[in-house]
Amino acid sequence: MNKVIKLRKGLDIRIQGVADGSLRAPAFFYEDYAVKPVDFWDMRPKLLVEEGSTVKAGTPLFYDKNRDAVKVTSPVSGTVEKIVYGPKRRIEEIRIKADKEIAYEEFAAYTAADLATWGAAQRETAVGQLLNAGLWPYIRRRPYDTIANPDRMPRDIFISCFDTAPLAPDMDMLAHGREEDFQAGVDVLRTLTAGKVHLGLHVHKNNAVAFTECKRVEQHYFEGPHPCGNVGIQIHHIAPINKGEEVWYVHPQDVMVIGRLFLKGHYDATKIIALAGSEIIRTSYHKVLAGVSVRYFLQDNVKGMERGLEVMNGEDNRHTAGIRVISGNVLTGTKISGQGYLGAYDHLFSVIPEGDRYRFMGWMTLGLNMFSFSKTFFSWLFPQRAYRIDTNVNGGKRAFVLTGEFEKVLPMDIYPMQLLKACMTQDIEAMENLGIYEVSPEDFALCEYIDASKTDIQQIIKDGLELVRKEMSE
């Protein structure tokens, strides 16, 4: 084993309802799917389909007006049932009613032995197929946390093979039996960079053969609390980004999808997702296709039978009766309705209580069942206890003051408070000097969680990155 990078700073938020490790067989035929252009926030989508259009898995749905070659394709075959528009005609969802038997657009197929020999000479071939199949948007870049530019060459490519976020799925579970797909995906990614492909592994959590026996990569072992699993934290400790440099990163499941594209010659959007949270009766893992509706997993499975029926059969706004459904984890995920859909970059549905009620006497109670970072409650005496945490922010917004707390949960050699204030004042020179090129909103999620000022810290970082990106004409 390589040298272990031990991180002391961070915070593990233990929430009841971690997925139990079982892979459940489908209880329904999953026919409702959606692709959400808003997930690809830096794209300006131009539709290629209309309501009633027939599509296959791999049929283009829309492309980026800024880069015509970058497109997003359907994960299933079927009929475009509805296109949902938001304010200013923003395209929010493309809903698809899936066929029971998935039909695929055909692309070139290669053997694993062929892919193992690929190098720089095959880069154009790899890029072309990824663009045509609509998988390019799943390759993202740092800095700026946007979709990678296919015309550029990254310094390195990073893959984080573990997730330390609350209720996060076990990556080993997601990778079990998919060793060939992952290796093929890695071999394709190797052609995209003149540098290395780096795997971030956890010293205690990663045992999957797909990760530990992967060839032609650099392996790096980590140990520590969340956000140790964030790819940005790993980049910072393996090979930090300097001004003018660019690195790319890909989620392990998207690496497997890329591998299957080149091995099978079609876009197989199969992924394993976790259903977790304190309000779920039977937490579990499910084998689905990307963009599946959450409603299939909530029926008769939310604590309080009437809630489960409301989620399945009621209107979209009725799911708020005491619970919050999130696509993604509770720190960085997106709130969705009980009829909502899995986000493009998500591999988890989280269901927790809504914070819609006041606590009697508030912070004056002993709080043995309330999690607290600041040791306000005596629950800090039980560090391994899991809690039923809701969405209550426990107070209103107040002055954004220097507390020294952010440094305790952000394991990076930067000054987080100073960087945030530079972003708020739009001081680009200060932002650059304070490390804006190394961070993304998810790296500051814990800062937002513990912030006594109730500030939208992740949005501040996102706005700062966008400002710098426009200033640099990226």
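Look up: the structure comes first, before these words.
Attention in this report is confined to the structure presented alongside it. (Residues numbered from 1 in each chain as written. Predicted model: local features only at pLDDT ≥ 70, side-chain atom pairs only at ≥ 80, totals over all residues. Heavy atoms only, no water.)

1. Considerations on the overall build of the protein chain
- Check the secondary structure of the protein chain and you find 13 helices and 20 strands.
- In summary, the protein chain has a C-alpha radius of gyration of 22 Å against a globular reference of 23 Å for 474 residues, a match within 12%.
- Taken over the C-alpha atoms alone, the protein chain extends approximately 65 × 50 × 45 Å along its principal axes.
- Buried positions account for 55% of the 474 residues belonging to the protein chain.
- Within the protein chain, residue pairs in contact and separated by at least 24 positions form 68% of the contacts whose partners lie at least 6 positions apart.
- Side chains of the protein chain give 57 positive and 62 negative charges; the mean places of these two sets differ by 3 Å. (Helix = DSSP H or I, 4+ residues; strand = E, 2+ residues; numbered from the N terminus. Rg over C-alpha atoms; globule rule 2.2 N^0.38 Å. Buried < 20%, exposed > 50% of the residue type's maximum accessible area, 1.4 Å probe, protein only. Contact = heavy atoms within 4.5 Å. Lys, Arg positive; Asp, Glu negative; His and termini not counted. Charge placed at Lys NZ, Arg CZ, Asp CG, Glu CD.)

2. Some points on the sheet that holds strand β17 (residues 284-289)
- The sheet built from six strands is open, its strands ordered β2-β17-β16-β20-β18-β19 with mixed pairing. Bordering the open sheet on either side are β2 (23-24) and β19 (334-336), each of which pairs with just one other strand.
- Where strand β18 (residues 323-327) and strand β20 (residues 348-353) come together, five bridges link them in antiparallel fashion. The residue of β20 that forms the bridge with Val325 is Val351. (Pairing = 2+ DSSP bridges.)

3. Topic: the packing of aromatic side chains
- As enumerated under the stated definition, the model contains 13 aromatic pairs in all.
- Aromatic pair Trp136 and Trp248: ring centres 5.5 Å apart, planes at 85 degrees, arrangement edge-to-face. On the criterion of sequence distance, the pair formed by Trp136 in the loop between α2 (123-133) and β10 (140-142) and Trp248 in strand β15 (residues 247-249) is long-range, its members being 112 residues apart.
- Classification of Trp248 by relative accessible area gives buried; the value is 0%.
- Each residue in the set Tyr30, Tyr296, Phe297 and Phe349 is aromatic and connected to the rest through ring pairs, giving one cluster.
- One cation-aromatic arrangement involves Lys462 over Trp41; the distance from NZ or CZ to the ring centre is 4.7 Å. (Phe/Tyr/Trp six-rings, centres within 6.5 Å; stacked < 30°, edge-to-face > 60°. Lys NZ or Arg CZ within 6 Å of the ring centre and 35° of its normal.)

4. What about the packing of helix α10 (residues 416-424) against helix α13 (residues 457-471)?
- At a minimum axis distance of 9 Å, the contact between α10 and α13 shows a crossing angle of 60 degrees. The orientation of α10 relative to α13 falls into the category oblique. The two elements α10 and α13 cross, and the hand of that crossing is left-handed. Taken together, the residues of α13 that come into contact with α10 (itself represented by Leu419, Leu420, Cys423 and Met424) are Ile457, Ile460, Ile461 and Gly464. (Axes fitted to C-alpha atoms, helices over the stretch in contact; angles between N-to-C directions. Parallel < 35°, antiparallel > 145°, perpendicular 65-115°, else oblique. Left-handed = near helix turned anticlockwise from the far one by under 90°.)

5. Points about the sheet that holds strand β1 (residues 4-6)
- Taking strand neighbours across the sheet as the criterion, the seven strands line up as β1-β14-β13-β12-β15-β10-β11 in an open arrangement whose pairing is mixed. Of all strands in the sheet, those with a lone pairing partner are β1 and β11 (146-147), marking the two edges.
- By the bridge criterion, two bridges tie strand β12 (residues 157-160) to β15 in an arrangement that is parallel. In the strand pairing of β15, Ile157 is matched with Trp248.
- Strands in contact with helix α6 (residues 231-238) are β1, β10, β12, β13 (197-202), β14 (218-223) and β15; relative to β12, the strand with the most contacts, it is inclined by about 125 degrees.

6. Here's the deal with unusual backbone geometry
- Cis peptide bonds are those with omega within 30 degrees of zero, and the linkage from Arg142 to Pro143 qualifies with 5 degrees.
- Despite not being glycine, Asp145 has its phi angle at roughly 60 degrees, a positive value.
- Structurally, the position occupied by Asp145 is in the loop between β10 and β11.
- Relative accessible area serves as the criterion here: at 17%, Asp145 is assigned to the buried category.
- We note that Lys454 has phi near 60 degrees; this positive angle belongs to a residue other than glycine.
- Along the chain, Lys454 turns up in the loop between α12 (445-450) and α13.

7. As for the pattern of salt bridges
- Scanning the entire structure with this criterion turns up 26 salt bridges.
- Between Arg260 and Asp181 there is a salt bridge, with the nearest N and O atoms lying 3.3 Å from each other. Here the residue Arg260 occupies a position in helix α7 (residues 252-264), and Asp181 occupies one in helix α4 (residues 179-190), the gap between them amounting to 79 residues.
- Taking the relative accessible area as the measure of exposure, Arg260 reaches 3% and is therefore buried.
- Residue Asp268 is joined to Lys264 by a salt bridge in which the shortest nitrogen-to-oxygen separation is 3.1 Å.
- The structure contains a network of salt bridges with shared partners spanning Glu31, Asp32, Glu81, Lys97 and Arg295. (Salt bridge = Lys/Arg side-chain N within 4 Å of Asp/Glu carboxyl O.)

8. Looking at the nonpolar core
- Residues Trp136 and Phe182 are the most contacted members of the largest nonpolar core, which totals 129 residues.
- The element best represented in this core is α7, accounting for seven residues.
- In this view, Trp136 contacts Val70, Val127, Leu130, Leu131, Ile147, Ala148, Asn149, Pro150, Leu192 and Trp248; residues no more than four positions away in its chain are not counted.
- If you look at the next biggest cluster of nonpolar residues, it comprises seven residues, including Phe158, Val231, Ile241 and Val247. (Core = buried A, V, L, I, M, F, W, Y, C linked by side-chain atoms within 4.5 Å.)

Nothing here speaks to function; it is geometry throughout.
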